[in-house]
Amino acid sequence: DTGVSQDPRHKITKRGQNVTFRCDPISEHNRLYWYRQTLGQGPEFLTYFQNEAQLEKSRLLSNRFSAERPKGSFSTLEIQRTEQGDSAMYLCASSLVQSYGYTFGSGTRLTVV
Amino acid sequence: AQSVTQLDSQVPVFEEAPVELRCNYSSSVSVYLFWYVQYPNQGLQLLLKYLSGSTLVKSINGFEAEFNKSQTSFHLRKPSVHISDTAEYFCAVSARREGGFKTIFGAGTRLFVKA
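Please read all numbers here as calculations on a predicted model, not as lab measurements.

Colleague: How should I be thinking about the state of the cysteines in this particular structure?
Modeller: Disulfides are covalent bonds that link the sulfur atoms of two cysteine residues. Scanning the entire structure with this criterion turns up two disulfides over all chains. Here Cys23(A) engages in a disulfide with Cys92(A); their sulfurs sit 1.8 Å apart. Between Cys23(A) and Cys92(A), the disulfide has an S-S torsion of -70° and is therefore left-handed. Placement of Cys23(A) in strand β3 (residues 19-24) and of Cys92(A) in strand β9 (residues 88-95) is noted, with a sequence separation of 69 residues between them. The class for Cys92(A) is buried, based on a relative accessible area of 0%. There is a disulfide in this structure between Cys23(B) and Cys91(B), and the S-S distance comes to 1.9 Å. Taking the sign of the S-S torsion, -65° for the link of Cys23(B) and Cys91(B), the bridge is left-handed. With Cys23(B) in strand β4 (residues 23-26) and Cys91(B) in strand β10 (residues 87-95), this residue pair connects regions lying 68 residues apart in the sequence. For the residue pair Cys23(B) and Cys91(B), the accessibility class agrees, reading buried in each case.

Put into structure tokens, the structure is as follows:
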């Protein structure tokens, strides 16, 4: 198993464009999480899936953000009409059960210019 | 709701000196506690965790943390640090409950080990 994979590693986009990130979790992990990390801060929770069901969304996740996990495997996070404030590292993590802790991917760094 | 406070944003220390990174949490329910480490340009890695039982937990690279319920703390310690321990360390808490949950992270403590 190669761990949690995120693609792309870096994304530079113009304000107002849409972007989509992909996360491939560890195959047997049924839980998948998206976090956002800005410089000098800890990761902030965005949303979480158990299998294909999205069970919780943060208030940080405005209506410009949408996440899917269509078959309970990989997940996508889409940001529509990007703003400069969306610039951050977007982290994906997966776990089997909550007490095991998370396995994080290396993240996608988004820069909105 | 849970919250985590890491009391020091940066901790400079000389190599081979002891270090303590402080973490306090608040929660109305029982929790699991974690420390994660993030090296430059990498994702977070789980360092150690407290689930239940012995309040002192240890990692494979010499770090340890002690759960103190009365003080709602989970401080991370190492008796002798190495240059390679330079990284950002995040304390995290998640509620012990079934169904949906999320892990809340502190703002991080940057450990800088000097030669």
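Colleague: Help me out: how do you make sense of the sheet that holds β3(A) in this one?
Modeller: The strands that make up a sheet are held in pairs by hydrogen bonds between backbone atoms, and each pair lies either parallel or antiparallel. All names here are of chain A. Across the sheet, which stays open at both edges, the four strands sit in the order β1-β3-β8-β7 with antiparallel pairing between neighbours. Because the sheet does not close on itself, it has two edges, and the strands there are β1 (5-7) and β7 (65-68). Between one strand and the next, the sheet's axes are offset by a mean angle of 15°, whatever the strand orientation. The pairing of β1 with β3 spans three bridges and is antiparallel. In the sheet register, Gln6 faces β3, and the bridge partner there is Cys23.

What counts, and at which threshold
- Residues numbered from 1 in each chain as written.
- Chains lettered and ligands numbered in written order.
- Predicted model: local features only at pLDDT ≥ 70, side-chain atom pairs only at ≥ 80, totals over all residues.
- Heavy atoms only, no water.
- Disulfide = S-S within 2.5 Å.
- Helix = DSSP H or I, 4+ residues; strand = E, 2+ residues; numbered from the N terminus.
- Buried < 20%, exposed > 50% of the residue type's maximum accessible area, 1.4 Å probe, protein only.
- Pairing = 2+ DSSP bridges.
- Axes fitted to C-alpha atoms, helices over the stretch in contact; angles between N-to-C directions.

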